[in-house]
Amino acid sequence: MRQYSERPRSCQPARPGKVYGAWRAAALRLLARVVGSLPAQPCVLCLDPADGPAGFCAACALDLPWASAACGRCAMPLPAGATGCGSCSLRMPSYQAAFAAFDYSFPVDQLVRRLKYHGHLAHSRNLGALLAQAGGGRSAGIDGWVPVPLHREREARRGYNQALEIARELAARTDRPLLDGLLWRARATRTQAGLGAIERRANVQGAFRADPRVKGLSIGLVDDVLTTGSTADAAARALQAAGARRVEVWVVARVSGRSGRARDRRTPPGRSNGRG
Ligand SMILES: [Zn+2]
Ligand SMILES: [Zn+2]
């Protein structure tokens, strides 16, 4: 399968912000590669030698909040002995499956926020590598990775899309191609941070469009965090409307009731994970 480049937007004039953003992303990516290739890297968390996977020492990697038994459809943790998923019984997502490597709690929440808001692009490699490792053989059912897109103006401001950076790492580690540019935002939306579940759904409803080249494919839809699932749900609907055969959501971390409480303690007001 061929690797698609950024969707051409010839109808839109190049803006200085976009040009700056592209340079910033390229510079940050290069820096992350250079740092990642240096010998004897310290652990991302404790600065001991990173003798474990993906930039962590073995002890820190073991201590990460790995996701426990979860619903295969929405990735919400299931209590021991549960026969069904309470979340899916309330509202079945449009995507056919979801997988999260971690619960969205310390220190993964901190790493995601550094990646997302502070330009620590190296964390897309750390977290993407662990996501690929946790997913194991599941990726065999995926035809290609599609990142949840940011609106072009937000991406230009930030300089990169963290979901795209994680998807790059998944593509590099799973032998499944990156299908960038096949899903995009048709309109800008408010940030999902601070919105309730119903507002989040309304905010992103119909916000995405997908290229017909996804027709017949099993898509791995990649994002950093799954909160209510409304962003992934709207993105999956667009992919399905364009003919995707199956959409499986892959995220670094899942916000559950437990991690939500933990997040609220650690997150300053007005700053949440920002996606839905
Ligand atoms: Zn460590
Ligand atoms: Zn579920």
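If you're wondering where the values come from, they're calculated on a predicted model, not measured in any experiment. (Residues numbered from 1 in each chain as written. Chains lettered and ligands numbered in written order. Predicted model: local features only at pLDDT ≥ 70, side-chain atom pairs only at ≥ 80, totals over all residues.)

K.L.:
Help me out: how do you make sense of the overall build of the protein in this one?
P.N.:
Each helix and strand counted, the protein has ten helices and six strands in total. Residues classed as buried in the protein amount to 44% of the 276 residues present. The long-range fraction of contacts in the protein, counting pairs at least 24 apart against all pairs at least 6 apart in sequence, stands at 75%. (Helix = DSSP H or I, 4+ residues; strand = E, 2+ residues; numbered from the N terminus. Buried ≥ 20, exposed ≤ 12 C-beta atoms within 10 Å, placed from the backbone. Contact = placed C-beta atoms within 7 Å.)

K.L.:
Would you explain the nonpolar core in this entry?
P.N.:
Where a protein is soluble and globular, its nonpolar side chains tend to be buried together. Grouped together as the largest cluster of nonpolar side chains are 69 residues, with contacts concentrated most on Ala100, Leu221, Val222, Ala235, Leu239 and Val252. Leaving out residues up to four positions away in the same chain, Val252 has contacts with Ala101, Phe102, Val108, Val112, Leu127, Leu131, Ile166, Asp224 and Val225. (Core = buried A, V, L, I, M, F, W, Y, C linked by C-beta atoms within 7 Å.)

K.L.:
Looking at this model, I keep getting lost on the environment of Arg138. Mind explaining?
P.N.:
Tracing the backbone through its elements, the reader meets Arg138 in the loop between α5 (122–135) and β2 (144–147). For the pair formed by Arg138 and Thr174, sequence separation is 36 residues and the distance between their alpha carbons is 9.8 Å.

K.L.:
Explain the packing of α5 against helix α7 (residues 162–174) to me, please; I cannot follow it from the model alone.
P.N.:
When two helices pack together, their arrangement is given by the angle between the helix axes and by the axis-to-axis distance. Closest axis-to-axis distance for the α5/α7 pair is 8 Å, and the angle between their directions is 50 degrees. Taken together, the axes of α5 and α7 are oblique relative to one another. Of the two elements, α5 crosses α7, and the hand of that crossing is right-handed. Along the contact surface, α5 presents Ser124, Arg125, Leu127, Gly128, Ala129, Leu131 and Ala132, while α7 presents Gln162, Glu165, Ile166, Glu169, Leu170, Arg173 and Thr174. Looking at the contact of α5 with α7 residue by residue, the classes come out as six nonpolar, four polar and four charged. (Axes fitted to C-alpha atoms, helices over the stretch in contact; angles between N-to-C directions. Parallel < 35°, antiparallel > 145°, perpendicular 65-115°, else oblique. Left-handed = near helix turned anticlockwise from the far one by under 90°. Nonpolar A, V, L, I, M, F, W, Y, C, P; charged D, E, K, R; others polar.)

K.L.:
Sorry if this is basic, but what is going on with α5 here?
P.N.:
Spacing of three or four residues puts side chains on the same side of an α-helix, whose turn is 3.6 residues. In a regular helix each residue adds 1.5 Å, so 14 residues correspond to 20 Å; α5 covers 20 Å between its end C-alpha atoms and thus fits that length. When you tally the buried positions in α5, you get twelve out of 14 residues, the bulk of the element. When we look at burial in α5, the residues that qualify are Ala122, His123, Ser124, Arg125, Asn126, Leu127, Gly128, Ala129, Leu130, Leu131, Ala132 and Gly135. (Expected span 1.5 Å × (residues − 1).)

K.L.:
Please explain the pairing of strand β1 (residues 97–103) as it appears in this structure.
P.N.:
For a regular strand, the rule is simple: side chains alternate between the two faces of the sheet. The buried fraction of β1 is high, at six of seven residues. Sheet topology note: the β1/strand β6 (residues 246–254) ladder contains six bridges and is parallel. Note on β6: the bridge partner recorded for Asp103 is Arg254. (Pairing = 2+ DSSP bridges.)

K.L.:
Explanation requested: the packing of helix α8 (residues 197–204) against helix α9 (residues 230–241) in the structure shown.
P.N.:
Two elements in contact, α8 and α9, have axes whose closest approach is 9 Å; the angle formed by their N-to-C orientations is 30 degrees. As judged from the angle between their axes, α8 and α9 are roughly parallel. Every pair of crossing elements has a handedness; the one defined by α8 and α9 is right-handed. Of the residues in α9, those in contact with Ala197, Arg200, Arg201 and Val204 of α8 are Ser230, Thr231 and Ala234. When grouped by side-chain class, the residues that make up the contact of α8 with α9 number three nonpolar, two polar and two charged.

K.L.:
So what exactly am I meant to see when it comes to the environment of Arg209 here?
P.N.:
Secondary-structure assignment places Arg209 in strand β4 (residues 208–210). For Arg209 and Ala235, which are 26 residues apart along the polypeptide, the C-alpha to C-alpha distance reads 7.7 Å. Among residues more than four places away in sequence, those in contact with Arg209 are Trp184, Ala186 and Ala238.

K.L.:
Any chance you could explain the sheet that holds β2 here in plain terms?
P.N.:
Sheets are built from strands paired through backbone hydrogen bonds, the pairs being either parallel or antiparallel. Reading across from one edge, β1-β6-β5-β2 is the order of the four strands in this open sheet, with parallel pairing throughout. What marks the edges here is a single partner per strand, and that holds for β1 and β2. Within this sheet the neighbouring strands show an average axis-to-axis angle of 25 degrees, counted without direction. Examined bridge by bridge, β2 and strand β5 (residues 218–226) share four bridges and lie parallel to one another. Its bridge partner being in β5, Gly144 is matched across the sheet by Ile219. Sheet strands in contact with α7 are β2, β5 and β6, and its direction is about 130 degrees off that of β5. Helix-sheet contacts for α9 involve β2, β5 and β6, and the interaxial angle to β5 is about 165 degrees.

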